[in-house]
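These are the residues of each chain, in order.
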Amino acid sequence: DDHRPALMLLDSNLPGDGVWTVVELIKTQWPQIRCLVLVEVIRQQQMAEVASADGVLVRGFSIAEFVTTVERLLAEHEATYLIDEGSQIGPKMTL
């Protein structure tokens, strides 16, 4: 668990439907890892949500929106990590 990322940043421009397969695999195998997908259009946003992405940003987002989303997802990861590990203190997450 110490070597797994807290957050995966994925681009919807992977060939074919590759990104949706990757998101589904990550969320099935390691549900505590947060997946943030960058998309081009609303249709892809819907596909990301169906694939269980934890966050979706449509291109054209601001830096502030990106940072806020990443911070939220890392906070969710830390909360999940602490719950999964019981009373142990989880690793600190920083940008």
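Structural notes, computed from the coordinates. The structure presented is a predicted model; accordingly, all values stated were derived computationally and were not measured.

1. With respect to the overall build of the protein chain
Looking only at helices and strands, one finds 3 helices and 3 strands in the protein chain. The secondary structure elements of the protein chain, listed N-terminal to C-terminal, are β-α-β-α-β-α. For the protein chain, with 95 residues in total, the buried portion stands at 32%. For the protein chain, long-range pairs separated by at least 24 residues make up 51% of all intrachain contacts whose partners lie at least 6 apart in sequence. Here the protein chain displays about 5,900 Å² of accessible surface, and carbon together with sulfur accounts for 56% of that area.

2. Points about the nonpolar core
Note that soluble globular proteins tend to have their nonpolar side chains buried in a common cluster. Leu10, Val19, Trp20, Val23, Val37, Ala48 and Ala53 are the most contacted members of the largest nonpolar core, which has 13 residues in total. Residue assignment for this core shows that the elements contributing at least two residues are helix H1 (18–29) and strand S2 (34–39). Looking at this core element by element, the count peaks at 4 residues for H1. The residues contacting Ala48, other than those within four sequence positions of it, are Trp20, Val37, Ala53 and Val56.

3. Let's talk about the pairing of strand S1 (residues 7–11)
In terms of strand pairing, S1 meets S2 through 5 bridges, oriented parallel. Note on S2: the bridge partner recorded for Leu9 is Leu36. Taken together, S1, H1 and S2 constitute a β-α-β crossover, and its handedness is right-handed.

4. Things to note about the sheet that holds strand S3 (residues 55–58)
Pairing between the strands of a sheet comes from backbone hydrogen bonds, and it takes one of two forms, parallel or antiparallel. Taken in spatial order, the 3 strands make up an open sheet running S1-S2-S3, and their pairing is parallel. Each edge of the sheet is formed by a strand with only one pairing partner; in this case those strands are S1 and S3. Geometrically, the sheet is characterised by an average inter-axis angle of 20 degrees between neighbouring strands, direction not taken into account. With respect to the sheet, H1 is in contact with S1 and S2, its orientation differing from that of S2 by roughly 170 degrees.

Rules behind the numbers
Residues numbered from 1 in each chain as written. Predicted model: local features only at pLDDT ≥ 70, side-chain atom pairs only at ≥ 80, totals over all residues. Heavy atoms only, no water. Helix = DSSP H or I, 4+ residues; strand = E, 2+ residues; numbered from the N terminus. Buried < 20%, exposed > 50% of the residue type's maximum accessible area, 1.4 Å probe, protein only. Contact = heavy atoms within 4.5 Å. Areas by Shrake-Rupley, 256 points an atom, 1.4 Å probe, with all protein chains shown as cover. Core = buried A, V, L, I, M, F, W, Y, C linked by side-chain atoms within 4.5 Å. Pairing = 2+ DSSP bridges. Right-handed = clockwise from strand over helix to strand, strands pointing away. Axes fitted to C-alpha atoms, helices over the stretch in contact; angles between N-to-C directions.

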